[in-house]
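Okay, here's what each chain looks like letter by letter:
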Number of protein chains: 2
Amino acid sequence: MPDQPSKLRTRRRTETRRTIQEHAVRLFTERGYDATTVAEVAETAGMSPMTVYRHFPTKEDLVLVDEYGALVAERILAQPATQPLVRRIGNALVDSATALTGREHGEGPSVGEEFLLARLRLMISTQALRARHLDNHYVLQQAIVDALGDDTTDPDTVFRAQVAASACLAAMHTALVRWVEDDGRTELPTVIAKALAAFGADTVGVEGGDPLT
Amino acid sequence: MPDQPSKLRTRRRTETRRTIQEHAVRLFTERGYDATTVAEVAETAGMSPMTVYRHFPTKEDLVLVDEYGALVAERILAQPATQPLVRRIGNALVDSATALTGREHGEGPSVGEEFLLARLRLMISTQALRARHLDNHYVLQQAIVDALGDDTTDPDTVFRAQVAASACLAAMHTALVRWVEDDGRTELPTVIAKALAAFGADTVGVEGGDPLT
DNA sequence: CATTTCATGTTAGTTACTACCAATCTGGTA
DNA sequence: TACCAGATTGGTAGTAACTAACATGAAATG
């Protein structure tokens, strides 16, 4: 039983995955998500529909790959537990976004970012995709709460963590939408920080906004 | 051409709607949502599948009826515009919940509330339903921003309103989950208020929590 | 080279949903 | 009462997203 099932096989595997996904996103963008069938995607990618289903369990998964979840959970752990909840979570979200869309100052969206933008455009404009994307946030929320590692015996503590996580994720999603509407011209971490600051400042009232703004 | 197409017709219409929905929720709860076909629901309700689809465009809509959206939008307008955003929205959410689950003090869940609980249990445990439910929040968010009626020319103001609305709705959703896990023993408005206070207090930091807690 | 494992293809089936047409029923009118 | 217009329902056929079961070719291991 090979722990690393032979480099060549896994390479081809991820290769075909990429191929399928790129063709899918392109077709969806051109003709619309609902108007494109999985069979058409398969044909364009030069394979049978079954193969597509083997790599992506549902049509939605052709667009919704979650590179984000693992990053966030990892960065939550890096935050000092002394900070207030929303700050720990917020920082982790901003850091993850930085890691995801790393670009040099002054540059425009990179190639990878253009792909991300295309996918997000689909996720926001298509009902089915938007719904599943928001549901992914729901499980990411659980991951964050777990990563926070606060006292899990006290239901009230858990509840507060859940509220903080869901609220932060919602703010981040709003930031994502704005980022897309701006075609990614502003840097993503900046927009997310702005969103978090906005809802933080408003919650406080008027007493001096966050310097992040 | 009768403007009010004869009371009796509309009455029967809403009647069959209720019938279908009750049978559907019961079957879904007993056998599971995915394991129950629309054809089975139709048969149980004593009608053809076509009729079910005439009354509910999708299987998901058999569970997801939104009595909440209109209430919230209406109550946003009732809030004084001097308050900070999250308070205006939060108050509207709590008030709407009160209106929705009005019960006398000391009572347990009413009949209507039991039905609501059953539907929410399905919405939370079933992927497809949970996703669509969260997506409904997404459109409710837009309704709230519109109802706030703040300066729509300044993109930053709109952005802040969107962030506040989405964060509040996320907090409310977390409250809903908790309410369901508690089988509705605590009163819903109380739980929602607690959630909003939690994320408000945490955002502020430590400087004196909200008296709502 | 033999064997086992994996990626792919084929076929047939289920189910949500749509389009279209026919039958039936209801509410009001001549 | 007889009748008409519109609304409600039913039936049939079709599309498309999946799933299960089996066969085949290529690749990795011994």
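A few points on the structure. (Residues numbered from 1 in each chain as written. Chains lettered and ligands numbered in written order. Predicted model: local features only at pLDDT ≥ 70, side-chain atom pairs only at ≥ 80, totals over all residues. Heavy atoms only, no water.)

## Some words on the overall build of chain A
Next, step 1: If you tally the helices and strands in chain A, you get nine helices and zero strands.
Next, step 2: The secondary structure elements of chain A, listed N-terminal to C-terminal, are α-α-α-α-α-α-α-α-α.
Next, step 3: The proportion of buried residues among the 213 residues of chain A is 46%.
Next, step 4: In chain A, 66% of the contacts between residues at least 6 apart in sequence involve partners at least 24 apart.
Next, step 5: Carbon and sulfur atoms form 53% of the exposed surface of chain A, whose accessible area is close to 10800 Å². (Helix = DSSP H or I, 4+ residues; strand = E, 2+ residues; numbered from the N terminus. Buried < 20%, exposed > 50% of the residue type's maximum accessible area, 1.4 Å probe, protein only. Contact = heavy atoms within 4.5 Å. Areas by Shrake-Rupley, 256 points an atom, 1.4 Å probe, with all protein chains shown as cover.)

## Digging into the packing of aromatic side chains
Next, step 1: Inspection of the entire model under this criterion finds two aromatic pairs over all chains.
Next, step 2: With a centroid separation of 4.8 Å and an interplanar angle of 65°, the aromatic rings of Phe28 of chain A and Tyr33 of chain A are classed as edge-to-face. Comparing Phe28 of chain A with Tyr33 of chain A shows no difference in burial state: the two are buried.
Next, step 3: Between the NZ or CZ atom of Arg178 of chain A and the centre of the ring of Phe159 of chain B, over which it lies, the distance is 4.9 Å. (Phe/Tyr/Trp six-rings, centres within 6.5 Å; stacked < 30°, edge-to-face > 60°. Lys NZ or Arg CZ within 6 Å of the ring centre and 35° of its normal.)

## Focus on the side chain of Gln141 of chain A
Next, step 1: Topologically, Gln141 of chain A is positioned in helix α7 (residues 127-148).
Next, step 2: On the basis of relative accessible area, Gln141 of chain A is assigned to the buried category, the value being 6%.
Next, step 3: Aside from chain neighbours lying at most four places away, what touches Gln141 of chain A is Gln162, Ala165, Ser166 and Leu169 of chain A together with Thr174 of chain B.

## Here we look at the interface of chain A and chain B
Next, step 1: Taken together, the contact pairs 37 residues of chain A with 37 residues of chain B.
Next, step 2: Both sides of the chain A and chain B interface together cover about 3300 Å² of buried area, and 67% of this is carbon and sulfur.
Next, step 3: At the junction of chain A and chain B, the tally comes to six salt bridges.
Next, step 4: The residue Lys194 of chain A makes a salt bridge to Asp156 of chain B at a minimum N-O spacing of 3.3 Å.
Next, step 5: No other element matches the 15 residues that helix α8 (residues 155-181) of chain A contributes to the side of chain A that touches chain B.
Next, step 6: Split by residue class, the side of chain A that touches chain B holds 20 nonpolar, eight polar and nine charged. (Buried area = accessible area lost by both parts, 1.4 Å probe. Salt bridge = Lys/Arg side-chain N within 4 Å of Asp/Glu carboxyl O. Nonpolar A, V, L, I, M, F, W, Y, C, P; charged D, E, K, R; others polar.)

## Examining the protein's contact with DNA strand C
Next, step 1: Around DNA strand C, the structure places 20 residues, and the nearest of them are Thr51, Arg54 and His55 of chain A together with Arg9 and Lys59 of chain B.
Next, step 2: Atoms of DNA strand C within 4 Å of the protein: sugar and phosphate make up 65%, bases the balance.
Next, step 3: One of the side-chain N or O atoms of His55 of chain A is found 2.7 Å from a phosphate oxygen in DNA strand C.
Next, step 4: A distance of 3.3 Å separates a phosphate oxygen of DNA strand C from a polar atom in the backbone of Val38 of chain B. (Near = heavy atom within 4 Å. Polar contact = N/O pair within 3.5 Å; in protein donor to acceptor, adjacent residues only side chain to side chain.)

## Concerning the protein's contact with DNA strand D
Next, step 1: As a structural note, the neighbourhood of DNA strand D is formed by 20 residues, with Tyr53 and Lys59 of chain A together with Thr51, Arg54 and His55 of chain B the closest of them.
Next, step 2: Looking at DNA strand D alone, sugar and phosphate atoms form 71% of those within 4 Å of the protein.
Next, step 3: Note that a sugar or linking oxygen of DNA strand D is positioned 3.4 Å from one of the side-chain N or O atoms of Arg9 of chain A.
Next, step 4: Between Arg54 of chain B and DNA strand D, the recorded distance is 2.8 Å, taken from a side-chain N or O atom to a base oxygen.
Next, step 5: Sorting the residues of the surface near DNA strand D by element identifies α1 (7-31) and α3 (49-55) of chain A together with α1 (7-31) and α3 (49-55) of chain B as the ones contributing at least two each.
Next, step 6: Looking at the surface near DNA strand D element by element, the count peaks at four residues for α3 of chain B.
Next, step 7: Its residues assigned to classes, the surface near DNA strand D shows eight nonpolar, seven polar and five charged.

## Remarks on the relation of the copies chain A and chain B
Note: a rotation about an axis with an accompanying shift along it relates these two copies of the chain.
Next, step 1: Rotating chain A by 180° and moving it 0.1 Å along the rotation axis overlays it on chain B with an RMSD of 0.1 Å. Given the turn and translation reported, the copies of this chain are related as if by a two-fold rotation axis.
Next, step 2: Looking at the interface residues of chain A, 100% of them are also at the interface in chain B, so both copies use one shared face. (Least-squares fit on C-alpha atoms with pLDDT ≥ 70 in both.)

## Quick look at the side chain of Ser96 of chain A
Next, step 1: Relative to the helices and strands, Ser96 of chain A is located in helix α5 (residues 85-100).
Next, step 2: Each residue touching Ser96 of chain A, except ones within four places of it in the same chain, is listed here: Tyr68, Leu71, Val72 and Arg75 of chain A.

## Some words on helix α8 (residues 155-181) of chain B
Residues and elements named next belong to chain B.
Next, step 1: End to end, α8 covers 39 Å across 27 residues, agreeing with the expected 39 Å (1.5 Å per residue, within 8%).
Next, step 2: Judged by how many residues are buried, α8 sits mostly within the fold: 20 of 27 residues are covered.
Next, step 3: Asp183, located one to two residues past α8, shows a positive phi value of around 55°. (Expected span 1.5 Å × (residues − 1).)

## Notes on the pattern of salt bridges
For side chains bearing opposite charge, pairing can occur when the charged atoms are close.
Next, step 1: Counted according to the given criterion, the structure contains 27 salt bridges over all chains.
Next, step 2: Here Asp156 of chain A makes a salt bridge to Arg178 of chain B, at a shortest N to O gap of 3.5 Å. One end of the pair, Asp156 of chain A, is in helix α8; the other, Arg178 of chain B, is in helix α8, on a second chain.
Next, step 3: Take Arg178 of chain B: its relative accessible area is 24%, and that puts it in the partly exposed class.
Next, step 4: Asp61 of chain B is paired through a salt bridge with Arg132 of chain B; the nearest N and O atoms lie 3.2 Å apart. Of this pair, Asp61 of chain B sits in the loop between α3 and α4 (68-77) while Arg132 of chain B sits in helix α7 (residues 127-148), and the two are 71 residues apart along the sequence. We note that Asp61 of chain B, like Arg132 of chain B, is buried.
Next, step 5: Each of Glu60, Asp61 and Arg132 of chain A takes part in salt bridges that share partners, so that together they form one network.

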